[in-house]
2 protein chains.
Amino acid sequence: MSLTRVGVDLLAGSVAYRAGMTVSSDLTGRARLREAALRLFAERGFEATSARAVAAAAGLSPALVIHHFGSKEGLRAAVDEEVLGRIGAALRDADALAGEGAEAGTGTGAGAGAGTGADVMAAVGAVSARMFGADPVLRGYLRRVLQEESAASAALFARLLRGARAELDRLAAAEGADATDARWAPFQMLCLILGPLLLEPVMQPNLDQPMFDPQVLASRSAANQHLLRHGLFGPAPSPSTRG
Amino acid sequence: MSLTRVGVDLLAGSVAYRAGMTVSSDLTGRARLREAALRLFAERGFEATSARAVAAAAGLSPALVIHHFGSKEGLRAAVDEEVLGRIGAALRDADALAGEGAEAGTGTGAGAGAGTGADVMAAVGAVSARMFGADPVLRGYLRRVLQEESAASAALFARLLRGARAELDRLAAAEGADATDARWAPFQMLCLILGPLLLEPVMQPNLDQPMFDPQVLASRSAANQHLLRHGLFGPAPSPSTRG
DNA sequence: AGCGGGGCTAAACATGTGTTCAGTCTATTG
DNA sequence: CAATAGACTGAACACATGTTTAGCCCCGCT
């Protein structure tokens, strides 16, 4: 049972597979199948991807899909679990990071309310970059998942909603006032963050740069910060506008 | 060639079918098939919907799909054309309405800048309500279409983007200032409007009322107006908050 | 009346699908 | 070494799919 970590798996070390399944080396065909499925599902969608195509992409026999995952649906579940695990880990890291940032902001006395707020929003931007910017495959898969009404997607969105509410609380504390419409605020925040993710295929053709390029993403994140705090027509931010 | 309009077809009178096809009465199986396909594609997606399922839902033979549309893909194209036609008409109406509203706002001298801005935003809300609120099937289909990277979806989004820019110009004129970040502003506006549409399946479970109910939609629209103009923490709107 | 055409159908076709089966190979274990 | 376990395979199965074909029925024509 040597749990040798492979480069492919990155953050997935702590993901718990379904009970009763032996957690094997994970450089084997099982992981290859899962990875190929992730890529193809993200590209073409689940229904449009055949088990044979997944197996071919992994260089294996179609029968292995059944052998390892029980069924094609089982494969999807495994991919879901894997992806949601990665995202969960990223979110957990981000939460911890945001918490540190907030404490540091008040602790060092470095900034007025605005400074702390900016820190918080920067953390949000970092989360976005980490989750969405990094991997176009992950983006594609996430895009598909968020459109279903499965239990997994509901859980993911609920998790994001909790995160948004927490960010909003921090932002409100920094701003010294509660949001005018606390009911819709978290959803608006999520729409601003997730919208470009969901709309990427139709939005990208209207831009001259790849919209999830780090710099572009930072610029959009800054615009979102500004919108949330001051509206579209508020005062221009400090002259140091990079990006 | 009696072009009797049917209730089912609503706004679709001016939609031009592909050349070479005789425009028949349109209460026939062709329309029934298209309508059934619209519903099923919206519910389950194109790939997951079989031609047989469409035919069965229309109470017709599967062979008719081929006979009328050439192929399953042809059926999809017809549905796309139909839906995009309806939306185009709604947008055209909305543009006209918004134009009138803006002229009336300045003409009657009824309002300060704020008043005109509110009128403009109300128009946007009306568009949203008209396009998205009315028909859950249309919402579902739109949700699917906006996720593809087809020519049709790109055209639709480009059209929406143009609309958003126009609204933004009007809003800026009313506000007496240009948007701080003119580059992202229209996309942000679209994300706020389209986000809930795309996220409906995962967002609805977190709400206690149907999120496209007219009242709820109006409330969300108002929140969006407020966000765009004053940010999340701006001054509360006039005490007459209905919804 | 005759007749041609289009809406419409049942049955069949070819293919692709998820899945099963029987068996091979390899590595670990007793 | 023998045996067991599990990764893995090619071939087959049952079924669903998009599509084709041949033909029916009814309506509008000359």
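Note that the structure is a prediction, hence the values are computed from the model and not measured.

### Regarding the UniProt feature "DNA-binding region" (unreviewed entry) in chain A
- UniProt tags residues 50-69 of chain A as "DNA-binding region" (unreviewed entry).
- Taken end to end, residues 50-69 of chain A has its terminal C-alpha atoms 14 Å apart, with 75% of it in helix and 0% in strand.

### A few points about the protein's contact with DNA strand C
- The environment of DNA strand C is formed by 17 residues, the closest being Ala51(A), Arg52(A), Ser71(A), Lys72(A) and Ser61(B).
- In DNA strand C, atoms within 4 Å of the protein come from the sugar-phosphate backbone in 50% of cases.
- Arg52(A) is positioned with one of its side-chain polar atoms (N or O) 2.8 Å from a base nitrogen of DNA strand C.
- Between His68(B) and DNA strand C, the recorded distance is 3.5 Å, taken from a side-chain N or O atom to a phosphate oxygen.
- Breaking the surface near DNA strand C down by element, the ones donating at least two residues are helix H2 (51-58) and helix H3 (63-69) of chain A together with helix H3 (63-69) of chain B.
- Of all the elements, H3(B) adds the most residues to the surface near DNA strand C, at four residues.
- Taken together, the residues that form the surface near DNA strand C break down as six nonpolar, eight polar and three charged.

### With respect to the pattern of salt bridges
All names here are of chain B.
- Within the structure shown, the criterion is met by 16 salt bridges over all chains.
- Taking the shortest distance from any N to any O, the salt bridge between Glu82 and Arg34 comes out at 3.7 Å. One end of the pair, Glu82, is in helix H4 (residues 72-107); the other, Arg34, is in helix H1 (residues 29-44), and 48 residues separate them in sequence.
- Across the pair Glu73 and Arg76 runs a salt bridge whose closest N-O atoms are separated by 2.8 Å. A residue pair is termed a helical-turn pair when its members lie 3 or 4 positions apart in one helix, as Glu73 and Arg76 do in helix H4 at three residues.
- For Glu73, a relative accessible area of 44% puts it in the partly exposed group.
- Arg76 gets classed as buried once you look at its relative accessible area, which sits at 18%.

### Notes on the UniProt feature "domain: HTH tetR-type" (unreviewed entry) in chain A
- Mapped onto this numbering, the UniProt entry gives "domain: HTH tetR-type" (unreviewed entry) at residues 27-87 of chain A.
- Helix makes up 77% of residues 27-87 of chain A and strand makes up 0%, while its end C-alpha atoms are separated by 21 Å.

### Some points on the relation of the copies chain A and chain B
- Rotating chain A by 180° and translating it 0.0 Å along the rotation axis places it on chain B, where the RMSD comes to 0.1 Å. Such a combination of turn and shift is consistent with a two-fold rotation axis. When C-alpha positions in chain A are compared against the rotation axis, the closest is assigned to Gly231(A), at 1.8 Å.
- The share of interface residues of chain A whose copies in chain B are also at the interface is 100%, consistent with both copies meeting through the same surface.

Calculation notes
Residues numbered from 1 in each chain as written. Chains lettered and ligands numbered in written order. Predicted model: local features only at pLDDT ≥ 70, side-chain atom pairs only at ≥ 80, totals over all residues. Heavy atoms only, no water. UniProt positions renumbered as here; feature names shortened; annotations may be inferred. Helix = DSSP H or I, 4+ residues; strand = E, 2+ residues; numbered from the N terminus. Near = heavy atom within 4 Å. Polar contact = N/O pair within 3.5 Å; in protein donor to acceptor, adjacent residues only side chain to side chain. Nonpolar A, V, L, I, M, F, W, Y, C, P; charged D, E, K, R; others polar. Salt bridge = Lys/Arg side-chain N within 4 Å of Asp/Glu carboxyl O. Buried < 20%, exposed > 50% of the residue type's maximum accessible area, 1.4 Å probe, protein only. Least-squares fit on C-alpha atoms with pLDDT ≥ 70 in both. Contact = heavy atoms within 4.5 Å.

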